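# Tertiary structure, described
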Amino acid sequence: MIMSNLLKRFCVFALLSFTFANPVFAQAQRGPATEEESERIVKLAAVADKDPLAAMSSVEGRWFQKWADDVPDYMFGPDKGVFWFHNGVAKGDLMRVLRFHHTVSTAAFQLQKKIKDPMRNEADDELKTLAGVEGVLRAYESLVAKNPDNRVSAIDDLIVVRNKGGLAEFVKKMPPMPRR
């Protein structure tokens, strides 16, 4: 009886230990980004420019979302550009698609420029933010072309700013990202 309870406790402890250690172990097993993965993401970003909804819901899009969370040598975090879009500019499904496209655009940019952690250098972070906003605008234009109901005046205004050559300055003047 005592041995049975002891064995049960050990099994529960072992199961819980494995459950909590497995994700950490799996990430430790995950190596750095490969050249093939980088090429795959750059291609996905180009596809997402033309059809962001299909790219997001595709096998490649789902793979990318997991990959971006798991890859240990690159940091793909939010920036002030994504917070601008989240701050009431777009809502619901449109926001989800634009958020995905922002992430894949910034990841493609970082991979092409070999910028592993843009937060370490203010200039890199600014360039990453600009790349993400440019990607979001391309995705938005594609979404509006397919369905004019996706139109958002604040994003339309930003496209005018971009078309006049003022996007980089607009991004510089965006409010900073909220502190964690």
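### Concerning the packing of aromatic side chains
Evaluation of the coordinates by the stated rule reveals seven aromatic pairs. Between the aromatic rings of phenylalanine 64 and phenylalanine 100, the centroid separation amounts to 6.0 Å while the plane-to-plane angle is 85°, which identifies the pairing as edge-to-face. Of this pair, phenylalanine 64 sits in helix H4 (residues 59-70) while phenylalanine 100 is found in helix H6 (residues 92-113), placing the two residues 36 residues apart along the sequence. According to the relative accessible area criterion, phenylalanine 64 is buried, its value standing at 1%.

### Some remarks on the packing of helix H2 (residues 35-50) against H6
Here H2 crosses H6 at 140°, and the two axes come no closer than 9 Å. Taken as axis vectors, H2 and H6 run oblique relative to one another. Seen along the crossing, H2 lies across H6 with a hand that is left-handed. Here Ser38, Ile41, Val42, Leu44, Ala45, Ala48 and Asp49 of H2 lie close against H6, whose contacting residues are Phe100, His101, Val104, Ala107, Ala108, Leu111 and Gln112. Taken together, the residues that form the contact of H2 with H6 break down as 10 nonpolar, three polar and one charged.

### Focus: unusual backbone geometry
A positive phi is found at lysine 114, a non-glycine position, where the angle reads about 60°. Its location among the elements puts lysine 114 in the loop between H6 and helix H7 (122-146).

### A word on the pattern of salt bridges
Tallying each qualifying case throughout the model produces 14 salt bridges. Across the pair glutamate 37 and arginine 30 runs a salt bridge, and its minimum N-O distance is 2.7 Å. Here arginine 96 makes a salt bridge to aspartate 93, at a shortest N to O gap of 3.6 Å. Linking arginine 96 with aspartate 93, this pair stays in helix H6, spanning three residues, or about one helical turn. Among the residues examined, aspartate 93 registers a relative accessible area of 56% and is labelled exposed.

### Concerning the layout of surface pockets
Empty space within the largest pocket amounts to approximately 310 Å³. Along the wall of the largest pocket there are 18 residues; nearest its centre are Gln65, Ala68, Asp69, Phe76 and Thr103. Going through the elements one at a time, H4 and H6 are the ones with two or more residues in the lining of the largest pocket. Broken down by element, the residue count for the lining of the largest pocket peaks at five residues, all from H6.

### A few points about helix H5 (residues 80-89)
Here H5 has its buried residues at Lys80, Gly81, Val82, Trp84, Phe85 and Val89. Considering only its buried residues, H5 is in contact with H6, H7, helix H8 (153-163) and helix H9 (167-173). Measuring from the side-chain oxygen of the N-cap residue of H5 to the backbone nitrogen of glycine 81 gives 2.9 Å; that N-cap residue is aspartate 79.

### Structural notes on the confidence of the model for the chain
Do not read the predicted coordinates in detail wherever pLDDT is low. Averaged over every residue, the pLDDT of the chain is 86; the share at 70 or more is 84%. Averaged over each element, pLDDT in the chain is lowest for helix H1 (residues 2-29) (49) and highest for H8 (97). Scored below 50 in pLDDT, residues 19-27 makes two contacts in the model with residues more than four places away or belonging to other chains.

### So, H8
Among the residues making up H8, those that are buried are Ile155, Asp156, Leu158 and Ile159. Across the axial projection of H8, the buried residues extend over an arc of 160°, all falling on one side. Buried residues in H8 make contact with H5, H6, H7 and H9. Trailing H8 by a residue or two, glycine 165 shows a phi angle of about 85°, which is positive.

What counts and how
- Residues numbered from 1 in each chain as written.
- Predicted model: local features only at pLDDT ≥ 70, side-chain atom pairs only at ≥ 80, totals over all residues.
- Heavy atoms only, no water.
- Phe/Tyr/Trp six-rings, centres within 6.5 Å; stacked < 30°, edge-to-face > 60°.
- Helix = DSSP H or I, 4+ residues; strand = E, 2+ residues; numbered from the N terminus.
- Buried < 20%, exposed > 50% of the residue type's maximum accessible area, 1.4 Å probe, protein only.
- Axes fitted to C-alpha atoms, helices over the stretch in contact; angles between N-to-C directions.
- Parallel < 35°, antiparallel > 145°, perpendicular 65-115°, else oblique.
- Left-handed = near helix turned anticlockwise from the far one by under 90°.
- Contact = heavy atoms within 4.5 Å.
- Nonpolar A, V, L, I, M, F, W, Y, C, P; charged D, E, K, R; others polar.
- Salt bridge = Lys/Arg side-chain N within 4 Å of Asp/Glu carboxyl O.
- 1 Å grid on protein atoms, 1.4 Å probe; cavity = no way out; pocket = protein on both sides within 12 Å on 5 of 7 lines; lining within 4 Å.
- Points joined across faces, edges and corners; volume = space filled by probe spheres on them.
- Polar contact = N/O pair within 3.5 Å; in protein donor to acceptor, adjacent residues only side chain to side chain.
- pLDDT = per-residue confidence, 0-100.
- Arc of directions from axis to C-beta.

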